[in-house]
Amino acid sequence: APEEIPMPAPAPVPVVVEHKAPWWKPKRWPLYYGAVLAIVAGVVAVRWYAPSPNAAEFLKFWQPVFKSDEPLLIAVAHPIVYHPSGRAIRLSEANQPPQYPVVQRPLQVPPNQLNGSDFVPVFNQYVGFGDMVAANEVSSMLSRKSKGVRIRMANNINFADLRKAQTLLIGAVTNHWTMELQQAWRYRFSWTPGTRTVIADAKAAASAPQEWSIPANDDGSTLDDYVLVCRIHSGFTGGLVMVAAGLKQFGTEAAGRLLVDQEQMGAILRKLPAGWENRNMQLVLHVRVIGNQPAQPEVVGSSSEEHTSELQ
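An account of the accompanying structure is given in this report. Predicted model, so just to flag it, every value in this text is computed and none were measured.

1. Considerations on the overall build of the protein chain
Phase 1 of the analysis: Counting its regular elements, the protein chain contains eight helices and 13 strands.
Phase 2 of the analysis: In the protein chain, which comprises 312 residues, the share counted as buried stands at 36%.
Phase 3 of the analysis: When contacts within the protein chain are restricted to residue pairs at least 6 apart in sequence, those whose partners lie at least 24 apart make up 67%.
Phase 4 of the analysis: Approximately 18,900 Å² of the protein chain is accessible, and the part contributed by carbon and sulfur atoms is 58%.

2. Quick notes on the nonpolar core
Phase 1 of the analysis: In terms of nonpolar packing, the biggest core is built from 35 residues, with Phe61, Trp62, Leu72, Val138, Leu168, Leu259 and Met265 touching the most fellow members.
Phase 2 of the analysis: Sequence-distant contacts of Val138, that is, excluding residues within four places in its chain, are made with Trp62, Leu72, Ile74, Leu168, Leu259 and Val260.
Phase 3 of the analysis: Counting 24 residues, the second-largest nonpolar core is a separate cluster that includes Ala154, Leu169, Trp185 and Val243.

3. Topic: the packing of aromatic side chains
Describing an aromatic ring pair means giving the distance of the ring centres and the angle of the ring planes.
Phase 1 of the analysis: Considering all chains together, one arrives at two aromatic pairs under this definition.
Phase 2 of the analysis: Look at Phe61 and Trp62: their rings are 5.5 Å apart centre to centre, the planes differ by 65 degrees, and that puts the pair in the edge-to-face class.
Phase 3 of the analysis: Judged by its relative accessible area of 0%, Trp62 is buried.
Phase 4 of the analysis: In this structure, Arg231 packs its charged tip against the face of Phe61, placed 5.6 Å from the ring centre.

4. Remarks on the side chain of Thr237
Phase 1 of the analysis: Structurally, the position occupied by Thr237 is in the loop between β9 (224-233) and β10 (240-246).
Phase 2 of the analysis: We classify Thr237 as buried; its relative accessible area is 3%.
Phase 3 of the analysis: A distance of 3.2 Å separates the side chain of Thr237 from the backbone nitrogen of Gly239, its partner in a polar contact.
Phase 4 of the analysis: Setting aside residues up to four positions removed in sequence, Thr237 forms contacts with Phe159, Leu162, Arg163, Lys164 and Leu181.

5. Some details on the pattern of salt bridges
If charged atoms from side chains of opposite charge come close, those side chains can pair.
Phase 1 of the analysis: Within this structure, the stated rule accounts for ten salt bridges.
Phase 2 of the analysis: A salt bridge links Glu137 to Arg257, with the nearest nitrogen and oxygen atoms 2.8 Å apart. With Glu137 in helix α4 (residues 129-144) and Arg257 in helix α7 (residues 249-259), the pair connects residues that are 120 residues apart, well separated along the chain.
Phase 3 of the analysis: You can call Glu137 partly exposed: its relative accessible area is 21%.
Phase 4 of the analysis: Classification of Arg257 as partly exposed rests on a relative accessible area of 38%.
Phase 5 of the analysis: Taking the shortest distance from any N to any O, the salt bridge between Asp224 and Arg288 comes out at 3.9 Å. With Asp224 in strand β9 and Arg288 in strand β11 (residues 280-290), this pair connects stretches of sequence that are 64 residues apart.
Phase 6 of the analysis: Residue Arg288 is classed as partly exposed on the basis of its relative accessible area of 46%.

Rules behind the numbers
- Residues numbered from 1 in each chain as written.
- Predicted model: local features only at pLDDT ≥ 70, side-chain atom pairs only at ≥ 80, totals over all residues.
- Heavy atoms only, no water.
- Helix = DSSP H or I, 4+ residues; strand = E, 2+ residues; numbered from the N terminus.
- Buried < 20%, exposed > 50% of the residue type's maximum accessible area, 1.4 Å probe, protein only.
- Contact = heavy atoms within 4.5 Å.
- Areas by Shrake-Rupley, 256 points an atom, 1.4 Å probe, with all protein chains shown as cover.
- Core = buried A, V, L, I, M, F, W, Y, C linked by side-chain atoms within 4.5 Å.
- Phe/Tyr/Trp six-rings, centres within 6.5 Å; stacked < 30°, edge-to-face > 60°.
- Lys NZ or Arg CZ within 6 Å of the ring centre and 35° of its normal.
- Polar contact = N/O pair within 3.5 Å; in protein donor to acceptor, adjacent residues only side chain to side chain.
- Salt bridge = Lys/Arg side-chain N within 4 Å of Asp/Glu carboxyl O.

Okay, here's the thing in structure tokens:
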């Protein structure tokens, strides 16, 4: 029988294993880092450049001023300040020891030695601290947005200055334009000489009047204040009239700070009915006064009404 010749075993087929680089390999990190950074940068850009809801409402409030070609007219109040007469000063100095350096100090004169001629009224020379703060806050905010302002004593402003102008009235009974233009507003200032100033709701029933007031202290001190902030489309002047006024200087100061605080002001405006920017908007706010400094205001009354004529 033929001898069987053994066949050689087939050569083993080499197994090729493909080694894929893991996702965490160092050379791939730049790609992942770049993608992540691009996403983060996009989110940050959207959050940074897109106005927040509060900021959007704040912009609506000031939009007519920002769009106007004319500077904002700021009319500050003109409180009457009484100077002591020369005779009263001489009497006072005779009752007090000499001083150095010479600084102002209160009169030290028995009441029965003074008469009405010893109190000299001075007009259009002084501005309350709260009024000054409000004017400064608004001027600084508009300056940052490249908008100009004109600051004038209210007594030195004529009606012709108000026509077609965007105007901010600072102060209540010491600003005669505030008192004159408020005739058709829902919330208005009312003053009884020698007693108190109030903010009253003209729509409240006579049997249940709604008003806000504080005690009338001779030294001007108070633990609370009430503020009226308005944004009125005035058919009387043809422009936008805004008001920032407290019963005392503390409320006026708080109003000025509120007007430039886009988060706080925007949060308040967002609670108003939609379309408030096309209506006559008013806010009544309460302010606690701590150490002669106003705290954050809180809303106690609000109104958003259709335009009406101020002439009634």
